[in-house]
Amino acid sequence: MHRNAVVSRDHWFEAHRKHLEREKELTRFRDLVAAERRQLPWFKLRKDYVFESEAGPKRLGELFAGKSQLIVYHFMMAPGCDHRCQGCSFLADHIDGANQHLKHHDVSLVVVARAPLAEILPYKQRMGWKFDWVSSYASDFNFDLQVSFTDKQIAAGETTYNFEKRPLRSKDLPGTSIFYRNECGDIFLTLMSRARGGDALIGAYHYLDMTPKGRDEAGPYHSLMDWVRLHDEYQDKTEDRPDCCA
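What you see is a predicted model; the values in this text were computed from it and never measured.

Draft legend 1. Structural view of the nonpolar core. Residues F75, M77, V111, Y123, W129 and W133 are the most contacted members of the largest nonpolar core, which totals 24 residues. The set of elements that each furnish at least two residues to this core consists of α2 (86-92), β5 (107-113) and α4 (117-127). For this core, the element with the most residues is α2, which contributes 4 residues. Not counting residues up to four positions away in its chain, the partners in contact with W129 are F75, S89, A92, D93, D96, Y123, K124 and H231. One finds F64, F179, I187 and L189 within the second-largest nonpolar core, a separate group that totals 17 residues.

Draft legend 2. Molecular detail of the packing of aromatic side chains. Enumeration over the complete set of coordinates arrives at 16 aromatic pairs. Where Y123 meets W129, the ring centres are 5.6 Å apart and the plane angle is 90°; that geometry is what we call edge-to-face. For the residue pair Y123 and W129, the accessibility class agrees, reading buried in each case. Ring geometry for F141 versus F179: centroids 6.1 Å apart, planes at 35°, classification tilted. Linking F141 in helix α5 (residues 141-144) with F179 in strand β9 (residues 175-181), this pair joins segments that are 38 residues apart in sequence. Across from the ring centre of Y123, 5.5 Å away, lies the NZ or CZ of R84, which sits over that ring. Between the NZ or CZ atom of R215 and the centre of the ring of Y205, over which it lies, the distance is 3.8 Å.

Draft legend 3. A look at the environment of A115. Topologically, A115 is positioned in the loop between β5 and α4. Judged by its relative accessible area of 0%, A115 falls in the buried class. Not counting chain neighbours up to four residues away, the residues in contact with A115 comprise M77, A78, P79, I120, S135 and Y137.

Draft legend 4. Molecular detail of the pattern of salt bridges. In the structure shown here, the tally under the stated rule is 17 salt bridges. With a shortest N-O distance of 3.0 Å, D144 and K47 are connected by a salt bridge. One end of the pair, D144, is in helix α5; the other, K47, is in the loop between β1 (43-44) and β2 (50-53), with 97 residues separating them in the sequence. Overall, the relative accessible area of 37% leaves D144 in the partly exposed class. Among the salt bridges present, the one from R215 reaches D209, with a minimum N-O distance of 2.9 Å. Under the relative-accessibility criterion, D209 is labelled partly exposed at 43%. Because the salt bridges share partners, they merge into one network encompassing R196, D199, D209 and R215.

Definitions and cut-offs
- The written sequence of each chain sets the order in which its residues are numbered from 1.
- For a predicted model such as this one, the threshold for reporting local features is a pLDDT of at least 70, and the threshold for listing and counting side-chain atom pairs is 80 or more; totals across whole chains, interfaces and linings nevertheless cover every residue.
- Derived side-chain values reflect all non-hydrogen atoms in the structure, with water molecules and hydrogen atoms excluded from consideration.
- Remark: nonpolar core denotes a set of buried residues (Ala, Val, Leu, Ile, Met, Phe, Trp, Tyr, Cys) joined through side-chain atoms within 4.5 Å.
- When a residue's accessible area, from a 1.4 Å probe over protein chains only, is under 20% of the maximum for its type it is buried; when over 50% it is exposed; and in between it is partly exposed.
- Note on conventions: DSSP H or I runs of at least 4 residues are helices, E runs of at least 2 residues are strands, and numbering of each starts at the N terminus.
- Residue contacts are counted whenever heavy atoms from the two residues lie within 4.5 Å of one another.
- Pairing of aromatic rings covers Phe, Tyr and Trp, the last counted by its six-membered ring, and requires centre-to-centre distances within 6.5 Å; plane angles under 30 degrees mean stacked, over 60 mean edge-to-face, and any other angle means tilted.
- Think of it as a cone above the ring: NZ of Lys or CZ of Arg counts as a charge over the ring if it is within 6 Å of the ring centre and within 35 degrees of the ring normal.
- By salt bridge we mean one thing: a side-chain nitrogen of Lys or Arg within 4 Å of a carboxyl oxygen of Asp or Glu.

Below, the structure is given as structure tokens:
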């Protein structure tokens, strides 16, 4: 049962009008943080990386596909691993819709995983995704971007993720990395977003945040693991709801 007050129309209107001030404050603050983000220093890459793509080997510069900006989403899929990350898949479900517009605004978007392409493509086909997905299996790309970790690093507790050195058990974690390529072909790392930075890319969360129950992640994990499934694994069923008005 709901615990919210049920009030008159005038009271309801005034309460929501006051809350709108907070919403506007958040919007302005988000714009400010985005502007500060664009002013952050860049790091010039000195190392080249080669990826396995459906069109054959591609260097990092080729992933830009003629654009000056590149968004890379690091998907958690290790070589030989049968597990399919629900969180990464949840985010990936939101890529194709946005990508139709990004590619027309000087942005290329590519998903990268460490698994070989032969392991990636069957899953991509199963999910019906259209975005470009490449493998970094033969390169240090994921390790250098601090989303994958060697056994030695994990054993020694020498793992850095989301700008923090802390012991980790997972060999792969998710994240987004942003790159810029200038007219001379120089490539710069402009941003790394990790951990809950991925929330901003999940449109379903923003819908849920407007609903009375919100994300309703009240299970044992208190995260998307409580309810999110691969989109072809949901079991739709009709629940019998009590008639509280009878």
